[in-house]
Amino acid sequence: MINFEQKGHYQGLINRYKEYLPVTDTTPIVTLNEGNTPLIKADNLAKKIGLDEMNCEIYLKFEGANPTGSFKDRGMTMAVTKAKEAGAKAVICASTGNTSAAAAAYAAKAGMKAYVLIPDGYIALGKLSQAMMYGAEIIAIKGNFDEALERVIEISEKYPITLVNSVNPYRIEGQKTGAFEICEALGDAPDYHFIPVGNAGNITAYFKGYEEFLALGKTSHLPKMMGFEAEVAAAIVKGERIMKPETIATAIRIGNPASWKQAENARDKSGGIINYVTDEEIVEAYKLIAANEGILCEPASAASVAGVIKAKKLGLIEENKNMVCILTGNGLKDPDSAIKYSGCEVKKTSAELNDILKVMDL
Ligand SMILES: *Cc1c(COP(=O)(O)O)cnc(C)c1O
């Protein structure tokens, strides 16, 4: 029999980046071969936005290509691996959808039980369907993400159930590998790193990854960390907790980011910004990415590209630079939004050739 490992087949980010992660040779790795996602040069988008005239390059890191369709898999392979190593039998999380999908999938792979608390009515259907199929115990609360997170923290403190939200430090460890992949693909850190900000775990993780590669001499600089919240959930920008966050980008519908201070630290140490984009700007970017680059991401993911457009308008982007936008999740998780905002009308006709040609204007 040919050994899977010996053939050099990619086996997930813990195997790939072992030396930079808190694992040992005896750690029982729980993986779905996550990570190693495409970094796509987006020349059409650069033209549309006018970045080509500034001699700037834009790259899209498509995290929707992860096994459960979002970057949450990077953190979850680490968090569930460490939970298994510690002998845990169950995990719990609060979720706007993707964390629950990832927690449920990795728990299934590890033979553990997963409990997920979600805000009732604010989860994209694709994400909910994933958690259901992976076999999670799903509890929908009449409250928002921030309240769900408070509850699961309380529960994990009282019962032997491991919390796998991004306040779990192993989540950040796994997610920092996205920065490693970008640096390896580009040969150095990018000049700017654009990223949606919800609970702010991901901006924290990427910054940690960039800092570690810089300290190891693998890169020459830190990218400016450019984080974007949704306008009516922009707690960090406004400097206060938002009690009723609202946005069509449900994955970043968070009013009290758990990694608030860490996100500010990433911003300040890198010379970046944390700003916000409106739902209209998010929808515009969501459509631009799909129609010009052939990539369907989630509305929340498009906040990164909407951020580039806004930063350019504000004069925050210098000439001759490159930038990476993290497309955090797969648009297939939220077909309702895609159908609603595409503006596309499906033309109906008979099965007769002449009728079809007429509809095609031929
Ligand atoms: C979780 C998530 C975010 C927000 O990431 P944080 O680490 O909470 O800031 C953005 N987009 C998608 C698709 C997500 O699932």
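This report concerns the structure included in the present document. Since we're looking at a predicted model, the values are computed, not measured. (Residues numbered from 1 in each chain as written. Predicted model: local features only at pLDDT ≥ 70, side-chain atom pairs only at ≥ 80, totals over all residues. Heavy atoms only, no water.)

1. Considerations on the overall build of the protein chain
Phase 1 of the analysis: Looking only at helices and strands, the protein chain has 15 helices and 10 strands in total.
Phase 2 of the analysis: Computed over the C-alpha atoms, the radius of gyration of the protein chain is 21 Å, within 12% of the 21 Å expected from 2.2 N^0.38 for a compact globule of 362 residues.
Phase 3 of the analysis: Viewed in the frame of its principal axes, the protein chain has a C-alpha envelope of about 65 × 55 × 50 Å.
Phase 4 of the analysis: Taking all 362 residues of the protein chain together, 56% fall into the buried category.
Phase 5 of the analysis: Within the protein chain, contacts between residues separated by at least 24 positions form 73% of all contacts whose residues are at least 6 apart in sequence.
Phase 6 of the analysis: Split by element, the accessible area of the protein chain, about 16,000 Å² in all, is 52% carbon and sulfur. (Helix = DSSP H or I, 4+ residues; strand = E, 2+ residues; numbered from the N terminus. Rg over C-alpha atoms; globule rule 2.2 N^0.38 Å. Buried < 20%, exposed > 50% of the residue type's maximum accessible area, 1.4 Å probe, protein only. Contact = heavy atoms within 4.5 Å. Areas by Shrake-Rupley, 256 points an atom, 1.4 Å probe, with all protein chains shown as cover.)

2. A short note on the packing of helix α12 (residues 279–293) against helix α14 (residues 335–342)
Phase 1 of the analysis: Orientation of α12 relative to α14, taken along the N-to-C sense of each, is 90 degrees, at an axis distance of 11 Å. What the angle tells us is that α12 and α14 run roughly perpendicular. Residues Val-283, Tyr-286 and Lys-287 of α12 pack against Ser-337, Ala-338, Tyr-341 and Ser-342 of α14.
Phase 2 of the analysis: Within the contact of α12 with α14, the residues separate by chemical class into four nonpolar, two polar and one charged. (Axes fitted to C-alpha atoms, helices over the stretch in contact; angles between N-to-C directions. Parallel < 35°, antiparallel > 145°, perpendicular 65-115°, else oblique. Nonpolar A, V, L, I, M, F, W, Y, C, P; charged D, E, K, R; others polar.)

3. Some words on the pairing of strand β5 (residues 137–141)
Phase 1 of the analysis: Across five bridges, the pairing between strand β4 (residues 113–119) and β5 is parallel. Bridge pairing in β5 places Leu-117 opposite Ile-139.
Phase 2 of the analysis: Regarding topology, helix α5 (residues 125–134) serves as the crossover connection from β4 to the parallel β5, and that connection is right-handed. (Pairing = 2+ DSSP bridges. Right-handed = clockwise from strand over helix to strand, strands pointing away.)

4. Overview of helix α9 (residues 201–215)
Phase 1 of the analysis: Helix length check: α9 (15 residues) gives 21 Å between terminal C-alpha atoms against 21 Å at 1.5 Å per residue, within 8%.
Phase 2 of the analysis: Taken residue by residue, α9 has Gly-201, Asn-202, Ile-203, Thr-204, Ala-205, Tyr-206, Phe-207, Gly-209, Tyr-210 and Phe-213 as its buried positions.
Phase 3 of the analysis: Downstream of α9 by one or two residues, Gly-217 has phi in the positive range, about 75 degrees. (Expected span 1.5 Å × (residues − 1).)

5. Here we look at the site of the ligand
Phase 1 of the analysis: Surrounding the ligand, one finds 16 residues, the nearest of these being Lys-72, Asn-98, Asn-199, Ala-200 and Thr-328.
Phase 2 of the analysis: In this structure, Lys-72 approaches the ligand through a side-chain N or O atom, which is 2.6 Å from an oxygen atom.
Phase 3 of the analysis: Backbone polar atom of Gly-198 to an oxygen atom of the ligand: 2.8 Å apart, as the coordinates give it.
Phase 4 of the analysis: Expressed as a share of its isolated accessible area of 380 Å², the protein-covered part of the ligand is 98%.
Phase 5 of the analysis: Split into classes, the residues belonging to the shell around the ligand amount to six nonpolar, eight polar and two charged. (Near = heavy atom within 4 Å. Polar contact = N/O pair within 3.5 Å; in protein donor to acceptor, adjacent residues only side chain to side chain.)

6. Considerations on the sheet that holds strand β10 (residues 322–327)
Phase 1 of the analysis: The strand order across the open sheet built from six strands is β1-β2-β10-β7-β8-β9, with neighbouring strands paired in mixed fashion. Among the strands making up the open sheet, the edge pair consists of β1 (39–41) and β9 (273–277). Pairwise comparison of adjacent strand axes, ignoring direction, gives a mean angle of 25 degrees for this sheet.
Phase 2 of the analysis: One ladder, built from three bridges, connects strand β7 (residues 192–196) with β10; its direction is parallel. Residue Phe-194 lies in a different strand from β10, and its bridge partner there is Cys-325.
Phase 3 of the analysis: Together, β1, β2 (57–62), β8 (224–230), β9 and β10 form the strand contacts of α12, whose direction differs from that of β9 by roughly 90 degrees.

7. Quick word on unusual backbone geometry
Phase 1 of the analysis: In the Ramachandran plot, Asn-55 falls in the positive-phi region, its phi being about 60 degrees despite a non-glycine side chain.
Phase 2 of the analysis: Considering the arrangement of structural elements, one finds Asn-55 in the loop between α2 (43–49) and β2.
Phase 3 of the analysis: A relative accessible area of 52% means that Asn-55 is categorised as exposed.

8. Considering the packing of aromatic side chains
Phase 1 of the analysis: Counted by the stated rule, this structure contains eight aromatic pairs.
Phase 2 of the analysis: Consider the rings of Tyr-20 and Phe-213, whose centres lie 5.6 Å apart with planes at 70 degrees: the pair is edge-to-face. Of this pair, Tyr-20 sits in the loop between α1 (13–17) and β1 while Phe-213 sits in helix α9; the two residues are 193 residues apart in sequence, bridging distant segments of the chain. This pair shows no difference in class: Tyr-20 is buried, exactly as Phe-213 is.
Phase 3 of the analysis: Aromatic ring contacts, followed pair by pair, group Tyr-17, Tyr-20, Phe-180 and Phe-213 into a single cluster.
Phase 4 of the analysis: The side chain of Arg-16 reaches across the aromatic face of Tyr-17, ending 4.4 Å from its centre.
Phase 5 of the analysis: Lying over the aromatic face of Tyr-276, Lys-238 brings its terminal NZ or CZ to 5.5 Å of the ring centre. (Phe/Tyr/Trp six-rings, centres within 6.5 Å; stacked < 30°, edge-to-face > 60°. Lys NZ or Arg CZ within 6 Å of the ring centre and 35° of its normal.)

9. Focus on the sheet that holds strand β3 (residues 90–94)
Pairing between the strands of a sheet comes from backbone hydrogen bonds, and it takes one of two forms, parallel or antiparallel.
Phase 1 of the analysis: Taken in spatial order, the four strands line up as β5-β4-β3-β6 in an open sheet, and their pairing is parallel. The open sheet is flanked by β5 and β6 (162–163), the only strands paired with a single partner.
Phase 2 of the analysis: Bridge count between β3 and β6: two bridges; the pairing is parallel. When the bridges of β6 are listed, Ile-92 appears paired with Leu-163.

10. What about the state of the cysteines?
Phase 1 of the analysis: Evaluation of the coordinates by the stated rule reveals zero disulfides.
Phase 2 of the analysis: The structure places no disulfide on Cys-325, whose sulfur is separated from the nearest cysteine sulfur, that of Cys-297, by 9.8 Å.
Phase 3 of the analysis: Looking at Cys-325, the relative accessible area reads 0%, which means it is buried. (Disulfide = S-S within 2.5 Å.)

11. As for the pairing of β7
Phase 1 of the analysis: Burial analysis of β7 places five of its five residues in the buried class, which makes it a mostly covered element.
Phase 2 of the analysis: What you see with β7 is no split at all: Tyr-192, Phe-194 and Pro-196 on one side and His-193 and Ile-195 on the other are buried throughout.
Phase 3 of the analysis: Relative to β8, β7 runs parallel, the two sharing five bridges. Residue pairing for β8: Ile-195 is matched across the bridge by Gly-227.
Phase 4 of the analysis: Handedness of the crossover joining β7 and β8 through α9 is recorded here as right-handed.

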